[in-house]
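Structure assessment
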Amino acid sequence: METCTLDGRVYRLHAISLPPSDGEQATISCLLNPDLIPLLPNPLPPTCPPPSTSTSNRASPPNFSILQTAHKGAGIFAARPIEAGELIMREHPALILPTGKFPKEVYDALADRLPEKRRKELLAMANARSKEECESEVEGIVRTNALMLELDVKGVIPEDRREVYGGVYPFVNRANHSCGPNAAIKWDLASLTISLYALRDIAEGEEICKTYVNPALPRATRMSILQKNYRFRCDCPWCNIRRVPCPNPDQGSESAGTEEDFTPSELAQIASSDADRAALGSWIYTHPGYTKWWSDIARPDSLVISSHLSALSLIEKEGLHGLQNLFVEEIAMCYAMLGSLEGFREWGTRVVKLCKVEDPDMARRFEEWLEDPERRVKRWGWRKKQREQQSGKKRTASADDDEAMEGVGSFLFPDEDSD
Ligand SMILES: C[S@@+](CC[C@H](N)C(=O)[O-])C[C@H]1O[C@@H](n2cnc3c(N)ncnc32)[C@H](O)[C@@H]1O
């Protein structure tokens, strides 16, 4: 079988060759709209970052192990302490395919085209679907595990012909769900890899979890999506408020409570968590931000920093570290505008650490700035100068001064208000 048709659309089976890994020729087995095929690298250049899921192709031993849990199947655990921002593993998908229900033969043909070792890794993955729902074991595995992929970042395929694609990863997909995840994923089209990285410091032995749903949704909605799509009842500390958050919830002995078990005070805690999550989800639209603040001298100097610190403390409470980077970056930039070397160094260093995998360009930019912030950050100390000018301590900062700063380093945020 080379092609198949679904809802009048033609799809082609396609294999992408990867640089050999562990001495074996690696392949991604794909089902693609033929228009997408020329957009994807094939073969992948050997210079691309290699996957890092096994010991043999890493300079240092992996920082994770895959272990059996008590009631969630397999899971990923920290083999040593892992720092916020650190890479945990990088992996190519075994399969790439569009959403939609294809005949059994299509799923089986996709798996059969993988090298034997990879095929076995795929077939060992979790399948939360019954035989009645998914006749093919491979389809069940796809429906339990596939993560959304962006294959056409440049928007080459016209809007009305675009499809949603998913990737299946025998190692990264072992990460179980938490509504307060300590890890997240980042897809990179150029290397066709997904990276799993730490959102906060993770202790040795702690389970490494990502979120399967938008964690800003209310608990009841999260639970119903998880039940519908993945067939489990979430037992994370935020869904089961009686369980004290612990490093490895899987080792907890209490069983998850049911809706009816909750006392009025527990229900109030759930409502408060829902409200905090909703507030965080829309924080940047409802609270002061750096872009409007930096040049508006009528606003207090501490306005954005104190608002962002409140957001970060809610993030800590709800375990939503996936939302923290914007707040950390903006606090660093506020300190730059206030001319505070100490503040900029503290928060800028956090940006570098947190963005290493998630946003390497941002990490590099802050690294450069941190070498000589006063010269490299454009408009360094601008608000401080304005205040000094206001209080008459200094003569008006001349336009020449400002112009002399133009072109020194690059500036993170646009001059125009956009928030
Ligand atoms: C993508 S897989 C995760 C890895 C899986 N545990 C394994 O053995 O490969 C998703 C499945 O893992 C289980 N799972 C993930 N997170 C869970 C959680 N927080 N509580 C219970 N089961 C969970 C569910 O069975 C779900 O359908």
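Residues numbered from 1 in each chain as written. Predicted model: local features only at pLDDT ≥ 70, side-chain atom pairs only at ≥ 80, totals over all residues.

As annotated in an unreviewed UniProt entry, the protein is SET domain-containing protein from Gymnopilus dilepis.

Take the overall build of the protein next. Looking only at helices and strands, the protein features 14 helices and 13 strands. By residue count, 35% of the 419 residues in the protein fall in the buried class. A separation of at least 24 residues holds for 65% of the contacts in the protein among residues at least 6 apart in sequence. (Helix = DSSP H or I, 4+ residues; strand = E, 2+ residues; numbered from the N terminus. Buried ≥ 20, exposed ≤ 12 C-beta atoms within 10 Å, placed from the backbone. Contact = placed C-beta atoms within 7 Å.)

As a further point, take the domain arrangement of the protein. As assigned here, the protein comprises domain 1 (3-49 + 61-230) and domain 2 (284-376). Across the contact, 13 residues belong to domain 1 and 11 residues belong to domain 2. Of all the elements in the fold, those that place two or more residues in the side of domain 1 that touches domain 2 are β11 (183-188) and β12 (193-198). Looking at side-chain class alone, the side of domain 1 that touches domain 2 contains 7 nonpolar, 3 polar and 3 charged residues. (Domains from an automatic or database assignment. Nonpolar A, V, L, I, M, F, W, Y, C, P; charged D, E, K, R; others polar.)

It is worth spelling out the sheet that holds strand β13 (residues 207-210) at this point. Strand order in the open sheet formed by 4 strands is β4-β5-β13-β10, with mixed pairing between adjacent strands. Since the sheet does not close on itself, it has two edges, and those belong to β4 (64-68) and β10 (176-177), each with one partner. Taken together, the 2 bridges between β10 and β13 define a ladder with parallel strand orientation. In the sheet register, His-177 faces β13, and the bridge partner there is Lys-210. (Pairing = 2+ DSSP bridges.)

Quick look at the site of the ligand now. Taken together, 18 residues lie near the ligand, and Gly-73, Ala-74, Ala-126, Ala-128 and Asn-176 sit nearest. Elements supplying a minimum of two residues to the shell around the ligand: β5 (74-78), α3 (137-145) and β10. In the shell around the ligand, the residues fall into 7 nonpolar, 7 polar and 4 charged. (Near = placed C-beta within 6 Å.)

Let us now look at the nonpolar core. Core analysis: the biggest nonpolar cluster contains 50 residues, and Ile-88, Ala-183 and Ile-208 have the highest contact counts within it. When residues of this core are assigned to their parent elements, the largest contribution, 5 residues, is made by strand β3 (residues 24-32). If we ignore the near neighbours within four places in the chain, the residues touching Ala-183 are Ile-88, Ala-175, Leu-196, Tyr-197, Ala-198, Leu-199, Ile-208, Cys-209 and Lys-210. With 30 residues, the next largest nonpolar core counts Trp-283, Phe-327, Trp-347 and Trp-382 among its residues. (Core = buried A, V, L, I, M, F, W, Y, C linked by C-beta atoms within 7 Å.)

Before going further, it helps to spend a moment on the UniProt feature "domain: SET" (unreviewed entry) in the protein. Taken from the UniProt record, the annotation "domain: SET" (unreviewed entry) applies to residues 62-213. The annotated region residues 62-213 carries 17% helix and 29% strand content, and the separation between its end C-alpha atoms amounts to 27 Å. (UniProt positions renumbered as here; feature names shortened; annotations may be inferred.)

Glancing now at the sheet that holds β11. As summarised here, the arrangement of the 3 strands in space is β6-β12-β11, forming an open sheet in which the pairing is antiparallel. Strand pairing shows two members of the sheet lacking a second neighbour, β6 (87-91) and β11, which therefore form its edges. Within the sheet, the average angular offset between the axes of one strand and its neighbour, ignoring direction, is 20°. The pairing of β6 with β12 spans 4 bridges and is classified as antiparallel. Note on β12: the bridge partner recorded for Met-89 is Leu-196. Contacts from helix α10 (residues 341-358) reach β6, β11 and β12 within the one sheet, and its direction differs from that of β12 by about 155°. (Axes fitted to C-alpha atoms, helices over the stretch in contact; angles between N-to-C directions.)

Turning to the packing of helix α8 (residues 303-318) against helix α9 (residues 324-337), a few remarks are in order. It is at 10 Å that the axes of α8 and α9 come closest, and there the two elements cross at 155°. Here α8 lies roughly antiparallel to α9, going by the angle between them. The interaxial crossing formed by α8 with α9 has left-handed handedness. Contacts between α8 and α9 pair Val-304, Ile-305, His-308, Ala-311, Leu-312 and Ile-315 from the former with Gln-324, Phe-327, Glu-330, Ile-331 and Cys-334 from the latter. Broken down by class, the residue content of the contact of α8 with α9 amounts to 8 nonpolar, 2 polar and 1 charged. (Parallel < 35°, antiparallel > 145°, perpendicular 65-115°, else oblique. Left-handed = near helix turned anticlockwise from the far one by under 90°.)

Here the focus is α8. With 16 residues, α8 extends 23 Å between its outermost C-alpha atoms, agreeing within 8% with the 22 Å of an ideal straight helix rising 1.5 Å per residue. Considered for burial, the residues of α8 that qualify are Val-304, Ile-305, His-308, Ala-311, Ile-315 and Glu-318. End-on view of α8: buried residues confined to an arc of 150°, all on one side of the axis. Seen from the buried face of α8, the exposed residues on the opposite side, beyond 90 degrees, are Leu-309 and Ser-313. Its buried side turned inward, α8 meets α5 (264-281), α6 (283-286), α7 (290-293) and α9. The positive-phi residue at the C-terminal boundary of α8 is Gly-319, with phi of around 65°. (Expected span 1.5 Å × (residues − 1). Arc of directions from axis to C-beta.)

This paragraph deals with helix α1 (residues 104-112). Within α1, the full set of buried residues consists of Val-106, Tyr-107, Leu-110 and Ala-111. Down the axis, α1 shows its buried residues gathered within 130° of arc, on one side only. Exposed residues pointing more than 90 degrees away from the buried face of α1 are listed as Glu-105 and Asp-112.

The residue Gln-269 is located in helix α5 in this model. Each C-alpha atom, one on Gln-269 and one on Gly-166, is 36 Å from the other, the two residues being 103 residues apart in sequence.

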